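# Breakdown of the fold
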Amino acid sequence: MKKILIVDDDPQNRYLLKLVLQKENIEVIEAETGEDGLKKIDDEHPDIIILDVMMPDISGFQIYEKIKDKNIPVIFLTAVVDNDFKNEVEYIVKPVDINVLIETIKRHLK
Amino acid sequence: MSIRWKLFIALFLLTLLPYGLVSVYIFKYVENYIRENIENQQIQNINLTKKNISNYFTSLLKNITFWSKAQILDDILTNDVDKRIQIFLDQIEINYHLKGLLIVSNNSGYIVASTNRKLVGKNIFSLGFLESNKYIQIKLPIFASFNKKKIGYIYHLFYTKNLKDFLFKNNLSSLSMVNIKTGYKVGFIKEIPFSAFNDSTFENDKYIYYAKTFSITPLKNWVLISQINKDIVFLPLKEIEIYFTGVFLIGFLVISVFAFYISERLVKPIKDIADTMEYVVKTEDFSKRVFYKGRDEIHVLSKSFNYMLSQIEKALKTIEEEHKKRLEILKNLLEMFSRITSIEKEEDVLNVSVEELKRFFKDIEVKISTKKEGKCSVHVKSEKINRYIIFNRDKEFTEEEKNFFISIGKLINLILEKIELLNKSQQASKAKSAFISNMSHELRTPLNSIIGFSQYLQLDEKDTDRKKALKSIETSGKYLLEMINDILDFAKIEAGAVKVNKTIFSIKELFNEVESIIRPLANEKNLNLIFPDEDFKIYTDKKLLKQILLNLLSNAVKFTEEGYIKVSVRKEDNKVIFSVKDTGIGIKKEDLKKLFTSFTQLENPLQKRYKGTGLGLTIAKEYASLLGGDIYVKSEGEGKGSEFSFYIKEN
């Protein structure tokens, strides 16, 4: 069973993603803050990380900077497409279309 | 006429006049002298001739008188039978070389004896001698020696032609004797052009005539005339005339040259001054000077002129320097004001201002103080600052200087006020931007959940009604999100929080991104969406440009029911021009203007079908202007489609 870490300060969003991903037989780990997220990446070794860009303590991009060399696939959730890592990582533009989300995740798990 | 010519003419006339007068006077004098000389000589000549003739006849008369008294003549009474009178006459003729006949007659005219013997025995009155021009007659009575009775006459008939012996002719003059009564002439003058014979002179073109009458009886009818040839006599006069003409001409020439030289010499320095003046006036070069060596009034004039020039030059230089100084002060003043007005931080205002003031007023002490002191102090006050700028020096300040310091104080206070206002407005603007940013996040997050959960619930829903309801929630959520995005974008523009971030990118890439969003919408309505094939690099803010295109295209899709939507692009100088053309409902002419006004949706019978905030075009227009361009719309009218074009500038 694959493991996905969702780092998002919005519980509603985490819950939605969890519901969708569990349906696909994927184990979901949640982190509410950036700090918590970094800790859980080290503890749980997820297969994929879904990162919300805008968070109160550490932004998704800052987290990505720190875990870049671990070679874990990262999917950003963002309203803004244009940024420094445009060509390095996957994006899902908010509002999240769950069909797109499922498709993207499946592509990475293969 | 130039002064030189006037002077020349004046000098010339002034010199020529006395010269001419003296010349003419001398000439006339010499002429007179010569003429008189000649005349005198001629008169002397004629007088001499007259004397000769007179003497001859006087002595002749004396002799005849003597002869008439001879005793021998008593023989007349005997008719000279003894021929003694004849012998007496013959002897006289031999001794005296008579120039005529000697005749003795008795009282009745009978010729007793004659030097011409043929006449003896004839009557003298019948011979006609006495009336003839051939002779000049001298007739004396003869008295008998014994009784003193008149017994006859002695005649001397002088041959008139012998008068010629007394006369002469040379190249100068000719002499003639004329009998006034008969007009008979003897002598060398060919023609005598006058007839009033007395002691006089007569002159015509060629000759001068002198006439002399005689006082002695035999010649009382005769006049001696001398004719003088003027041509020859006045020849020396002619020579003198030529000589004088020559001298006069040379004098004339000398005077001309002299007058010319003097006038040139006199006028040259004046002309130099005039030329210099003209040069100075033309070129405004006041460093030019006049040079004149003489020691006269012109020297004084040129000295004064040079002095005037140097004064003007000095004055001009002073003015120029003064002008430069003032400009420098003005420049420094402007620089000072410009530095003071460009201060941005409140805490710098006092220090920088004082620094600038110190630099500007080199001889005035400027400092900051907490209280009033010194000769002049200016209060500077804001919310944070409360200080005095002190101006000090030994001498009291004038009213103008104090006013100037006060003006500077006012300026500094105004700057402080400006900075305060600026700070406040910047703070307000920052707060607004932060609020918008937060709102944007806060509004979108729950909507994302609503859309997401309704999608999730649809996944396993078998009941079609419920599924439709869930889909409806999803669609409404998406629509609400769209509207919130519009409003937030607009608020951002209003707050001035939109920042332009230009990069270089490919236009094709942008079109692809736009197409991926719009294509699904177009497909839903079966519209033909056409993008251009052109590809080139463009330098602008990609996000803003994309937003403009998205807004125009989503509008086009929204208002077009069938047909096509066509996007085109072209480069023109530093402009890039885009256009979005559709075959939609079009726009009324009178509505074209309202189009870009915020919150306006056009009144339209179909309006209820077209939802939205009405902010799309306003946002597009604002973005286009942020990118240095503008947006235009063209429509043939309702139902005939519309074309939106906009341009942006790359620099």
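Below, the structure is looked at part by part. Fair warning: this is a prediction, and the values are worked out from it, not measured in the lab. (Residues numbered from 1 in each chain as written. Chains lettered and ligands numbered in written order. Predicted model: local features only at pLDDT ≥ 70, side-chain atom pairs only at ≥ 80, totals over all residues. Heavy atoms only, no water.)

Glancing now at the overall build of chain B. Scanning chain B from N- to C-terminus turns up 12 helices and 19 strands. Burial statistics for chain B: of 651 residues in total, 39% are counted as buried. With an accessible surface of roughly 38,900 Å², chain B has 56% of that area assigned to carbon and sulfur atoms. (Helix = DSSP H or I, 4+ residues; strand = E, 2+ residues; numbered from the N terminus. Buried < 20%, exposed > 50% of the residue type's maximum accessible area, 1.4 Å probe, protein only. Areas by Shrake-Rupley, 256 points an atom, 1.4 Å probe, with all protein chains shown as cover.)

Let us look at the side chain of N306 of chain B. Residue and element names in this part refer to chain B. Within the secondary structure layout, N306 lies in helix 6 (residues 297–341). Accessibility expressed as a relative area gives 16% for N306, which makes it buried. A polar contact of 2.7 Å, which involves the side chain of N306, links it to the backbone oxygen of V290. For N306, the residues in contact, after removing those within four places along its chain, are R289 and V290. (Polar contact = N/O pair within 3.5 Å; in protein donor to acceptor, adjacent residues only side chain to side chain. Contact = heavy atoms within 4.5 Å.)

The next point concerns a nonpolar patch on the surface. Residue and element names in this part refer to chain B. A contiguous nonpolar surface patch, about 510 Å² in accessible area, is contributed by M1, W5, I9, L13 and F260. At three residues, the largest contribution of residues to the nonpolar patch is made by helix 1 (residues 3–68). On the secondary structure map, L13 appears in helix 1. (Patch = residues over 30% accessible without salt bridge, like charges linked within 9 Å, V, L, I, M, F, W, Y side chains within 5 Å. Salt bridge = Lys/Arg side-chain N within 4 Å of Asp/Glu carboxyl O.)

This part is about the interface of chain A and chain B. Tallying the contact residues gives 18 residues for chain A and 16 residues for chain B. Applying the counting rule to chain A against chain B returns one salt bridge. Between K23 of chain A and D460 of chain B there is a salt bridge whose closest N-O contact spans 2.1 Å. Counting only elements with at least two residues in the side of chain A that touches chain B, the list comes to helix 1 (11–23) and helix 4 (98–109) of chain A. Taken together, the residues that form the side of chain A that touches chain B break down as eight nonpolar, three polar and seven charged. (Nonpolar A, V, L, I, M, F, W, Y, C, P; charged D, E, K, R; others polar.)

Looking now at the pattern of salt bridges. Residue and element names in this part refer to chain B. Enumeration over the complete set of coordinates arrives at 37 salt bridges over all chains. For K99, the salt bridge is made with D165, and the minimal N-O distance between the two is 3.3 Å. Taken together, the residues K99 in the loop between helix 2 (84–96) and strand 1 (100–106) and D165 in the loop between strand 4 (150–159) and strand 5 (173–179) connect sequence positions 66 residues apart. The residue E313 makes a salt bridge to R289 at a minimum N-O spacing of 2.9 Å. Of the two residues, E313 is situated in helix 6 and R289 in the loop between helix 5 (235–283) and helix 6; the sequence distance between them amounts to 24 residues. Members of the salt-bridge network, linked through shared partners, are E335, R339, E356 and R359.

Each strand in a sheet pairs with its neighbour through backbone hydrogen bonds, running either in the same direction (parallel) or in the opposite one (antiparallel). All names here are of chain B. A sheet is described by the order of its strands in space; here five strands give the open sequence 6-5-9-8-7, paired in antiparallel fashion. Both edges of this open sheet fall to strand 6 (185–187) and strand 7 (200–203), since each of them pairs with a single strand only. Averaged over all neighbouring strand pairs, the angle between strand axes comes to 20°, with direction disregarded. Across seven bridges, strand 8 (residues 207–213) lies against strand 9 (residues 222–229) in antiparallel orientation. Paired with Y209 across the two strands is Q227, which belongs to strand 9. (Pairing = 2+ DSSP bridges. Axes fitted to C-alpha atoms, helices over the stretch in contact; angles between N-to-C directions.)

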